[in-house]
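Tertiary structure, described
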Amino acid sequence: MKIASIAFTENGAKIVKMLVREMDVKGYVFEKYKTDGLETFNNVSSLVRDIFKKYNAIVFVGACGIAVRSIAPYVKDKAKDPAVVVVDEKGNFAIPILSGHIGGANDLAEKIAALTSGVAVITTATDINKKFSVDTFAVRNNLHIGDTKLIKEISSRILNDKKVGLYTDYELKNVPDCFEESNEVGICISDDDKKPFRTTLNLMPKNVVLGIGCRKGCETVEESILAFLKVNGVSVYSLFAVATVDIKKNEKGIVEFCEKFDIPLLTFPAETLAAVEGKFTASEFVKKTVGVDNVCERAVCAVGAKITEKKTALNGTALALGRINTEIDFLKG
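Here goes a summary of the coordinates provided. Keep in mind that what you see is a predicted model, and the values were worked out from it rather than measured.

Quick look at the overall build of the chain
Of regular secondary structure, the chain possesses 12 helices and 19 strands. C-alpha extents for the chain along the principal axes are approximately 60 × 55 × 35 Å. Here the chain, with 333 residues, has 47% of them falling under the buried criterion. Long-range contacts, defined as pairs at least 24 residues apart, comprise 55% of the intrachain contacts of the chain with a sequence gap of at least 6. For the chain, the accessible surface area stands at approximately 17,400 Å², while carbon and sulfur atoms represent 49% of it. In the chain, the 45 positive side-chain charges and the 43 negative ones have mean positions that sit 3 Å from each other.

Thoughts on the pairing of strand 13 (residues 199–205)
Burial within strand 13 is extensive, with seven of its seven residues counted as buried. Going residue by residue along strand 13, you find Thr199, Leu201, Leu203 and Pro205 tucked away on one face and Thr200, Asn202 and Met204 tucked away on the opposite face as well. When strand 8 (residues 143–145) meets strand 13, the two strands line up antiparallel, connected through three bridges. By the bridge assignment for strand 13, isoleucine 145 is matched with leucine 203. Of the pairings in the sheet, the one linking strand 12 (residues 185–189) to strand 13 comprises five bridges and is parallel in character. Among the inter-strand pairings, isoleucine 189 is bridged to a residue of strand 13, identified as leucine 203.

Regarding the packing of aromatic side chains
Any two aromatic rings considered together are summarised by their centre-to-centre distance and by the angle between their planes. Under the counting rule described, the total for this entry stands at 10 aromatic pairs. Measuring from centroid to centroid gives 4.2 Å for phenylalanine 137 and phenylalanine 330, while their planes differ by 5 degrees, and the two rings are stacked. Here phenylalanine 330 lies in the segment after strand 19 (328–329) and phenylalanine 137 lies in helix 6 (residues 134–140), a separation of 193 residues in the sequence. Here phenylalanine 137 matches phenylalanine 330 in class, with each residue buried. Their ring planes at 50 degrees and their centres at 5.0 Å tell us that phenylalanine 257 and phenylalanine 261 sit as a pair that is tilted.

Things to note about the sheet that holds strand 4 (residues 57–61)
Strands sit in the order 3-2-1-4-5-6-7 across an open sheet of seven strands; the sheet is mixed. Both outer strands of the open sheet, strand 3 (39–41) and strand 7 (119–120), are each paired with one neighbouring strand and no more. Bridge count for strand 6 (residues 93–98) against strand 7 is two bridges, and the pairing is parallel. The partner of phenylalanine 93 across the bridge, within strand 7, is valine 119. Together, strand 1 (3–7), strand 2 (26–30) and strand 4 form the strand contacts of helix 1 (residues 10–23), whose direction differs from that of strand 1 by roughly 160 degrees. Of the strands in this sheet, strand 1, strand 2, strand 3 and strand 4 touch helix 2 (residues 44–51), which is tilted by about 180 degrees from strand 1.

Considering the packing of helix 8 (residues 221–231) against helix 9 (residues 252–261)
It is the contact of helix 8 with helix 9, at a shortest axis distance of 8 Å, that shows an interaxial angle of 60 degrees. Looking at the two axes, helix 8 sits oblique to helix 9. Residues Val221, Glu222, Ile225 and Leu226 of helix 8 form the contact with helix 9, whose own contacting residues are Gly253, Ile254, Phe257, Lys260 and Phe261.

Comments concerning the packing of helix 1 against helix 4 (residues 105–116)
Packed helices, taken two at a time, are described by their axes: the angle between them and the distance between them. One way to put it is that helix 1 packs onto helix 4 with a least axis distance of 11 Å and a crossing angle of 105 degrees. With respect to their mutual orientation, helix 1 and helix 4 come out roughly perpendicular. Residues Ile15, Met18, Leu19, Glu22 and Met23 of helix 1 touch helix 4, and the partners they reach there are Leu108, Lys111, Ile112, Leu115 and Thr116. For the contact of helix 1 with helix 4, the per-class residue count stands at seven nonpolar, one polar and two charged.

Observations regarding the sheet that holds strand 15 (residues 239–245)
What the five strands build is an open sheet, ordered 16-15-14-18-17; its pairing is mixed. At either margin of the open sheet sits one strand with a lone partner, and together these are strand 16 (265–268) and strand 17 (306–314). Across this sheet, the average inter-strand angle for adjacent strands is 20 degrees, counted without regard to direction. This element, helix 8, spans strand 14 (208–214), strand 15, strand 17 and strand 18 (317–323) of the sheet and lies at about 45 degrees to strand 18. The strands touched by helix 9 within the sheet are strand 14, strand 15 and strand 16, with strand 15 carrying the most contacts at an inclination of about 165 degrees.

A few points about unusual backbone geometry
Glycine aside, residues mostly have negative phi angles, and peptide bonds mostly take the trans form. For aspartate 161, which is not a glycine, the phi torsion comes out positive at approximately 60 degrees. Inspection of the secondary structure assignment puts aspartate 161 in the loop between helix 7 (149–159) and strand 9 (164–168).

Points about the pairing of strand 4
By the criterion of burial, strand 4 is predominantly enclosed, with five of the five residues buried. Judged by which residues are buried, strand 4 turns out to be covered on both faces: Ala57, Val59 and Val61 on one side and Ile58 and Phe60 on the other are all buried. Pairing analysis gives five bridges linking strand 4 to strand 5 (residues 83–87), with the strands arranged parallel. Opposite valine 59, over in strand 5, you have valine 85 as the bridge partner. Handedness of the crossover is the feature at issue here: the chain leaves strand 4, passes through helix 3 (residues 64–71), returns alongside strand 5, and the resulting connection is right-handed.

Calculation rules
- Residues numbered from 1 in each chain as written.
- Predicted model: local features only at pLDDT ≥ 70, side-chain atom pairs only at ≥ 80, totals over all residues.
- Heavy atoms only, no water.
- Helix = DSSP H or I, 4+ residues; strand = E, 2+ residues; numbered from the N terminus.
- Buried < 20%, exposed > 50% of the residue type's maximum accessible area, 1.4 Å probe, protein only.
- Contact = heavy atoms within 4.5 Å.
- Areas by Shrake-Rupley, 256 points an atom, 1.4 Å probe, with all protein chains shown as cover.
- Lys, Arg positive; Asp, Glu negative; His and termini not counted.
- Charge placed at Lys NZ, Arg CZ, Asp CG, Glu CD.
- Pairing = 2+ DSSP bridges.
- Phe/Tyr/Trp six-rings, centres within 6.5 Å; stacked < 30°, edge-to-face > 60°.
- Axes fitted to C-alpha atoms, helices over the stretch in contact; angles between N-to-C directions.
- Parallel < 35°, antiparallel > 145°, perpendicular 65-115°, else oblique.
- Nonpolar A, V, L, I, M, F, W, Y, C, P; charged D, E, K, R; others polar.
- Right-handed = clockwise from strand over helix to strand, strands pointing away.

Structure representation (structure tokens):
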């Protein structure tokens, strides 16, 4: 998680410096209180505009009002907005004010409070009532959330002690008692968007690794990947990572695909890929070009996935798929 922390006073700067040291955050302080190790700013609105989409979380050390006014123009989507936490300059309270569940602000507030010997002020209904939170569950188990608007309906039923349905294609651990086998409203944990309930919230495990190699400057990377996934019945939202050789780390088509769908790009030196054990679809041309006889299949295995679809050549790309082991646990923290 990439975290930025902003201080407005000398005492606030002390808290930010502690967070920089303990949590590896990027620290900013109002220029009047310039201090070693922190970057300065003179206009918080401009700073927040610049960093809002660049960080997974922003920690304001100061008043809630400043934080709310600063982020207000940029708040768009609960599934994509960063976590925002406000900490007072003495570290007495850590208050999540945005993306408590999906963004992880509640968990971040708890961690900060532990560091400052303060109190995390959690206000989300499922947490204070100690009820199952479907969005927290999804984030902790790395599940893609289909229609985030349905989170409210699921949570509302659970808060009112009503059962919800549960359908799954996976083995589950520690299932809470808020579920029943048949219901008009429920969640579906599956690799596709099937609708077993009248109102279905789909949760899709991100457990597929796409290995890729491509011709330099290939302009059909996204088109080829999506066609390859469709043929193999895999959703782009199931992708845990895209993996390739390190000389392709700046390949425009690959980078743009990963940025568009918010998928991590993992790269490995040719020597590392060559050392991966197994039987792979070898190519002397690829070996002469990048230093290893196969990129896509070896990259899948380098991530720790088991190959499910071997090398396919498509419009200047070489593609392979694999899956990582998937454990879905309702108590995962």
